[in-house]
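# Structural features, examined
Here are the chains, one letter per residue:
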Amino acid sequence: MDSNENKKTVKESAEKALLKDDETWGEFFRTIFYAFIIAISFRTFVLQPFSIPSESMLNNLMVGDFLLVNKSSYGFSKHSLPFSLPLIPGRVFADDVERGDVVVFRLPRDPGTYYIKRIVGAPGDKIQMVNGELQLNGAAVPRIKLDDYVRINEYGREERFEQYEETMPNGKSYITLNIEHRPLADNTEVFIVPEGHYFAMGDNRDNSMDSRWPSNIGVGFVPYENIVGKAKWLTLSFDNKSALWEFWKWFPAERRDRFFSAIN
């Protein structure tokens, strides 16, 4: 078989494998293009997948959790688009972010980086941490102490966290953790949230670089337009301490009850 016959055979095999009866290559690539546009549009305007890279939201969200972000919760800005393309002025179809919402946003100093935190302060709010307690507009946010959260860390040692149920004025409740006294995190100045911005904190209060730190090293105030969407649902929870080939350990029993659950 010469090279021309070989090329012809390869072409015929490709057509048989990829093309439907009476379908041309032009129609095939047009279908692929439309599918690509639909997928990008869905990710841009409906749901975007996200994974948890750190322990700043422990134990509500764990490293290895996979979740879906509702892109339409607060409307759309340029940061809803791939590469933050400047095609949307301001924010369209805007809706308020509620205190207590878990949101994904683009880091103000580096819009290519996504963060996930809980919103604890809205525009005009006064936020302060006093001895590890969150103060909102001059009053302590009510919290109830729960049993400690205990786990075995990657070094085989027991870690014990103080665990609290914190409740915002709008009735939104969630769990926060505290492991030790950290002066810079547990006692802060009073932050006044500027118009068009929000104050975000991690639920794992001693392990979160959030709005308590200035934007050059932490998050600072989060501009409304940087918020991508509301974290709504967990899909899977993957134990990333397992080796890639140890597939039977990927989804341990203590994580399977997290599958397809709502995010509080």
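Refer to the structure printed above.
No experiment lies behind these values; they were computed from the predicted model shown.

Parameters at a glance
- Residues numbered from 1 in each chain as written.
- Predicted model: local features only at pLDDT ≥ 70, side-chain atom pairs only at ≥ 80, totals over all residues.
- Heavy atoms only, no water.
- Phe/Tyr/Trp six-rings, centres within 6.5 Å; stacked < 30°, edge-to-face > 60°.
- Salt bridge = Lys/Arg side-chain N within 4 Å of Asp/Glu carboxyl O.
- Helix = DSSP H or I, 4+ residues; strand = E, 2+ residues; numbered from the N terminus.
- Pairing = 2+ DSSP bridges.
- Contact = heavy atoms within 4.5 Å.

By the definition in use, this model includes 8 aromatic pairs. An aromatic cluster of three or more residues is present, and its members are F191, F199 and F221.

Turning our attention to the pattern of salt bridges. Should their charged atoms come close, side chains of opposite charge can pair. According to the stated counting rule, one finds 12 salt bridges in the structure shown. Two residues, R205 and E166, come together in a salt bridge whose shortest N-O distance is 2.8 Å. Within this pair, whereas R205 is found in the loop between β14 (197-201) and β15 (222-223), its partner E166 is found in strand β11 (residues 158-167), the two being separated by 39 residues in sequence.

Read from one edge of the open sheet, 4 strands run β9-β8-β7-β13, paired in antiparallel fashion. Since the sheet does not close on itself, it has two edges, and those belong to β9 (139-140) and β13 (191-192), each with one partner. In this structure, strand β8 (residues 133-136) lies alongside β9, joined through 2 bridges in antiparallel fashion. Of the residues in β9, the one forming a bridge with L136 is A139.

What follows concerns the side chain of H79. Among the structural elements, H79 can be located in the loop between β3 (76-77) and β4 (91-92). Here H79 is in contact with S84, R106, P111, E225, N226 and V228, once residues within four sequence places are set aside.

Both strand β5 (residues 102-107) and strand β6 (residues 110-121) contribute to a ladder of 6 bridges, which runs antiparallel. Looking at β6, one finds that L107 is bridged to D110. Hairpin geometry of β5 and β6 is characterised by an intervening segment of 2 residues between the two adjacent antiparallel strands. Strand direction decides the pairing type here: β6 and β14, joined by 3 bridges, are antiparallel. By the bridge assignment, R118 is partnered in β14 with M201.

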